Protein chains: 2
Amino acid sequence: MSSTSRRDFVRMAAISVAGAPLIPSIAHRATPTTARQEKKLGFALVGLGSLSTNQIAPALQKTKHCRLAGIVTGTPAKAAKWKAQYGIPDKNIYNYETMSRMADNPDIDVVYVVTPNSLHARDTIKAAKAGKHVLCEKPMEVSAARCQEMIGAVKAANRQLAIGYRCRFEPHHLEMLRIAKEKEMGDVRLIESGFGFSIGDPTQWRLKQALAGGGPLMDVGIYSIQSAEMIAGQYPIAVSAMTTKTDPVKFKEVEESMTFELKFANGISASCTTTYKVNGFNRTTAYAERGTFGLTPAFNYDGIKGWRSDRKELAGAEVDQFATEMDDFADCIINNRPTSVPGEMGLRDVRTMMALYEAARMGRTVRIA
Amino acid sequence: MSSTSRRDFVRMAAISVAGAPLIPSIAHRATPTTARQEKKLGFALVGLGSLSTNQIAPALQKTKHCRLAGIVTGTPAKAAKWKAQYGIPDKNIYNYETMSRMADNPDIDVVYVVTPNSLHARDTIKAAKAGKHVLCEKPMEVSAARCQEMIGAVKAANRQLAIGYRCRFEPHHLEMLRIAKEKEMGDVRLIESGFGFSIGDPTQWRLKQALAGGGPLMDVGIYSIQSAEMIAGQYPIAVSAMTTKTDPVKFKEVEESMTFELKFANGISASCTTTYKVNGFNRTTAYAERGTFGLTPAFNYDGIKGWRSDRKELAGAEVDQFATEMDDFADCIINNRPTSVPGEMGLRDVRTMMALYEAARMGRTVRIA
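Counting restarts for each chain, with residues numbered from 1 along the sequence as it is written. In the order they appear in the text, chains get letters beginning with A and ligands get numbers beginning with 1. Predicted model: local features are reported for residues with pLDDT of at least 70 only, side-chain atom pairs are reported and counted for 80 or more only, and whole-chain, interface and lining totals are derived from all residues.

**Re the nonpolar core**
Selection rule: Remark: nonpolar core denotes a set of buried Ala, Val, Leu, Ile, Met, Phe, Trp, Tyr and Cys residues whose joining runs through C-beta atoms within 7 Å. Exposure classification rests on a simple neighbour count of other C-beta atoms within 10 Å of a residue's own: a residue reaching 20 or more is buried, one at 12 or fewer is exposed, and one in between is partly exposed. C-beta atoms are placed from the backbone. Any pair of residues counts as being in contact when their C-beta atoms, constructed from backbone geometry, are within 7 Å of one another.
Residues F43, A44 and Y112 of chain A together with F43, A44 and Y112 of chain B are the most contacted members of the largest nonpolar core, which totals 202 residues. Sequence-distant contacts of Y112 of chain A, defined by excluding residues within four places in its chain, comprise F43, A44, L45, V46, I56 and L135 of chain A.

**Quick word on the sheet that holds strand β1 (residues 41-46) of chain B**
Residues and elements named next belong to chain B. We count it as follows: Criterion used throughout: strands pair if DSSP finds at least two bridges between them. We count a stretch as a helix when DSSP gives it H or I for four or more residues in a row; a strand needs E for two or more, and each element gets its number in order from the N terminus.
Sheet architecture is open: 6 strands sit in the order β3-β2-β1-β4-β5-β6, paired in parallel fashion. Of all strands in the sheet, those bounded by a partner on one side alone are β3 (93-94) and β6 (161-163). Pairing of β1 with strand β4 (residues 110-113), which is carried by 4 bridges, proceeds in the parallel orientation. In the strand pairing of β4, F43 is matched with V110.

**Some remarks on the sheet that holds strand β9 (residues 257-264) of chain B**
Residues and elements named next belong to chain B. To keep things clear, this is the line we draw: Whenever a helix is involved, its axis is fitted only over the stretch in contact; in every case the axis is a line through C-alpha atoms, and angles between N-to-C directions fall within 0 to 180 degrees.
With mixed pairing, 8 strands are arranged side by side in an open sheet as β13-β12-β11-β7-β10-β9-β8-β14. If you trace the sheet from one side to the other, it starts and ends with β13 (306-308) and β14 (366-367), each paired once. Two strands pair when backbone bridges link them, and strand β8 (residues 236-244) and β9 are joined in this way by 8 bridges, in the antiparallel orientation. By the bridge assignment, P236 is partnered in β9 with F264. Across the sheet, helix α8 (residues 216-232) is in contact with β7 (188-196), β9, β10 (269-275) and β11 (282-288); its angle to β7 comes to roughly 160°.

**Some words on helix α5 (residues 144-156) of chain A**
All names here are of chain A. Note the threshold: Take the number of residues in a helix, subtract one, and multiply by 1.5 Å to get its expected span. By definition, the arc is the one covered by directions from the helix axis to the C-beta atoms.
The terminal C-alpha atoms of α5, which comprises 13 residues, lie 18 Å apart, in line with the 18 Å expected from a rise of 1.5 Å per residue. Taken residue by residue, α5 has R146, C147, M150, A153 and V154 as its buried positions. Mapping the buried residues of α5 onto a view down its axis gives an arc of 125°, with all of them on the same face. Of the exposed residues in α5, the ones pointing more than 90 degrees away from its buried face are A145 and A156. Looking at the buried side of α5, the elements it contacts are α4 (120-129), β5 (133-136), β6 (161-163) and α10 (343-362). Backbone geometry just downstream of α5 places N158 in the positive-phi region, at approximately 60°.

**As for the relation of the copies chain B and chain A**
For clarity, the threshold we go by: Least squares is the method for superposing the copies, and the C-alpha atoms it fits come from residues with pLDDT of at least 70 in both.
You can overlay chain B on chain A at an RMSD of 0.0 Å; the transform is a turn of 180° with a shift of 0.0 Å along its axis. Such a combination of rotation and displacement between the chain copies is what one expects of a two-fold axis. Measuring from the rotation axis to each C-alpha of chain B, the shortest distance belongs to R364 of chain B, at 1.7 Å. Here 100% of the contact residues of chain B are again contact residues in chain A; the copies associate through an equivalent surface.

**Notes on the environment of G131 of chain B**
All names here are of chain B. Structurally, G131 can be placed in the loop between α4 (120-129) and β5 (133-136). Sequence separation of G131 and V278 is 147 residues, and the distance between their C-alpha atoms is 43 Å. With sequence-adjacent residues up to four places away left out, G131 is seen in contact with A103, A157 and R159.

**Some points on the packing of helix α5 (residues 144-156) of chain B against helix α10 (residues 343-362) of chain B**
All names here are of chain B. Stated formally: An angle below 35 degrees is treated as roughly parallel, one above 145 as roughly antiparallel, one from 65 to 115 as roughly perpendicular, and anything else as oblique. We call Asp, Glu, Lys and Arg charged. Ala, Val, Leu, Ile, Met, Phe, Trp, Tyr, Cys and Pro are nonpolar, and the rest, Gly among them, are polar.
Viewed as axis vectors pointing N to C, α5 and α10 meet at an angle of 175°, and their least axial separation amounts to 9 Å. Considered as vectors, α5 and α10 are oriented roughly antiparallel to each other. Every residue of α10 that contacts α5 at A144, C147, Q148, M150, I151 and V154 is listed here: G343, E344, G346, L347, V350, R351 and M354. Here the contact of α5 with α10 is composed, by residue class, of 8 nonpolar, 3 polar and 2 charged.

**Observations regarding unusual backbone geometry**
With the exception of glycine, most residues fall at negative phi, and the peptide bonds are largely trans. Look at the link from K138 of chain A to P139 of chain A: it is a cis peptide, with omega at -10°. Within the fold, P139 of chain A resides in the loop between β5 and α5. The residue R311 of chain A is not glycine, and still its phi comes out positive at about 65°. Positionally, R311 of chain A belongs in the loop between β13 (306-308) and α9 (321-334). Phi is positive for K183 of chain B, close to 50°, though the residue is something other than glycine. For K183 of chain B, the location among the structural elements is in the loop between α6 (171-181) and β7.

**Considerations on the pairing of β8 of chain B**
Residue and element names in this part refer to chain B. For β8, a buried count of 7 out of 9 residues is recorded, marking the element as mostly surrounded by other parts of the structure. In this sheet, β14 lies alongside β8 in antiparallel orientation, the contact comprising 2 bridges. In the strand pairing of β14, V239 is matched with V366.

**Considerations on the interface of chain B and chain A**
The partner chain A presents 32 residues to the 32 residues of chain B that form the contact. Those elements giving two or more residues to the side of chain B that touches chain A turn out to be β7, β8, β9, β10 and β11 of chain B. Here the residues of the side of chain B that touches chain A sort into 6 nonpolar, 17 polar and 9 charged.

**A short note on the confidence of the model for chain A**
This is how the line gets drawn: Residue-level confidence of the predictor, termed pLDDT, takes values from 0 up to 100.
Here chain A shows a mean pLDDT of 91. Residues at 70 or above account for 90%. Low pLDDT, under 50, characterises residues 11-37 of chain A; the stretch is placed with 38 contacts to residues that sit more than four places away or in other chains.

**A short note on the environment of D349 of chain B**
Within the secondary structure, D349 of chain B sits in helix α10. D349 of chain B gets classed as buried once you count the C-beta atoms within 10 Å, which come to 23.

**Description of the pairing of strand β2 (residues 66-72) of chain A**
Within a regular beta strand, the side chains point alternately toward one face of the sheet and then the other, so they alternate between its two faces. Residue and element names in this part refer to chain A. We count it as follows: Handedness of a crossover: with both strands directed away from the viewer, a clockwise path from the first strand across the helix to the second marks it as right-handed.
Taking burial as the measure, the 7 residues of β2 include 7 buried ones, the bulk of the element. Here strand β1 (residues 41-46) runs beside β2; their pairing, made up of 6 bridges, is parallel. Counterpart to L45 in the pairing with β2 is I71. Following the backbone out of β1, through helix α2 (residues 50-60) and into the adjacent parallel β2, one traces a crossover that is right-handed. Bridge count for β2 against strand β3 (residues 93-94) is 2 bridges, and the pairing is parallel. For I71, the partnering residue across the bridge sits in β3 and is I93. Once the chain exits β2 it traverses helix α3 (residues 76-86) before rejoining the sheet at β3, and the crossover so formed is right-handed.

Okay, here's the thing in structure tokens:
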């Protein structure tokens, strides 16, 4: 395979490992309203692209505390299709103009923002103003200022804001974190991580700076940043980066590949690679004093495999990462518990990515205060 | 294993893979002088540390065109031991003061410099002035100026100078080069490489800036630079780097770890890691348009393993890398053919490493003219 759509790529990798398709072959119905009495929170999906279609909507069917209650889409044909497939009532179907009317709709507790990166602030702020909790896909936005606006708007509405960092709830990643935190092989000293793929359709929004805010770093490099942060137990304080471009037509607006380094205050450093040019990057490795441990592949929707140099098992339950992420957020809301993936984390990562772009552009190490 | 001597580490790894020790259990005799008529060139080893003892002297016994003819050592006890073990005549045993008398010794054709890094120029220039060809261990020296002096001295003597880049003669590395050069999986876009180990004895010369000229970058990081250069088919034109230090006592003078990036004019970039802090880094991976291929481990004395994402074989003959390297140099001398690992290559890599140290120190990308 030389190039493919991003979601297809991650999904294909998952299917080939798990041996079973992720997309249910039968239509699912929205959970009946009575379920609300069982504390099932109503989710509205904003943006019905392939992630919503192939991952999030099916995952909602597997959750304990959530149900697909509504949708927001600018495409009437999609609205009709989703209405038919999931039995969504007309009153819970919105477009971007009517979305603010959600304020009067008690069926919807949480808005899950799945639009292109630079629309996240717009949709999050609308949802917050309508009094909804917001789960927003990563990257949080394309600038730190916009992230701060989002945090402010949700706070003003007295609601919760979480970022869709699915790996924060994935058992293999949590086991990596545990081994590092408990120093089971001694202190971790170095981390290597890479995530990338060969991107297909040259017209897609992911290749447009105004919508994506950047290239593979914003889209998949962020997984390496998150993984390094989980293992290091802190945010990086300095970064350096270099970008490369061999196809200036396709990658007219965003970087084609980036190699980058993260330095942490505790002496750990991470060496990372992200690309839209070639397949095969999908791993994270931690090098500790008495051994190494890692995940290969690390960032698929399922089929994640762990390994340890001491031949012990690095295993974890196979979960639906989106279902787990949504159930956790629902639990935070139901029990008034702060999320572990707050807007502040999303903001910090956007600042890290902006520092990486500055480092690449200026050719110098950039410190993050 | 938490820390160990460098040579022991590489050797242990090799033994564990190959299943047989590399050090011959019986004493070898120097090839008799009559062999010179069969075009066996006489090698004198300068510096009888573990590399000479455990690798180069045994490898000399396996060469076709070389023989161990003499030694240079500052330690009389070592001279006595080598004399007994290899039957080296007294007239071919030198110390660093008497070494220039080699000029009158036709038994010695080639001087192999195996002293600490910052003594390479001293010993190379002495050997050149004595009219000998010189094979010099990597890194060539600790500054570009010294490398240039070495090149000048050997050129003035009308002799050849080669750098001990053993992987340039290793079949798996040559197969990596071939796959890249013939674009068998399309253009290579990205390279990842790492080499490092947990260093033992805190008093060794490798941890002293004056003798080593740097830390793991100079010692083992150079293998990643060489591997990237082989795959990219050119030298890097820009570099960035970050160093980390968590043990400022042991690593008072040199870096503990470095993550670094190399950028090539053909659009390839390489992301590399080197360390004296943890074991486990020993690989090189090339990401091409239609697949990935790599070596894990990549840099051991033997037991190198290749892999390709298309499941085809990436194999190579198991050779003694030092024997192959020495036989190639002997062949260059016998047939008056230029070496493929000349002083100019060693100089370029020293310039790259100095640029990497500057990049880390200044926190900026450094271009190499």
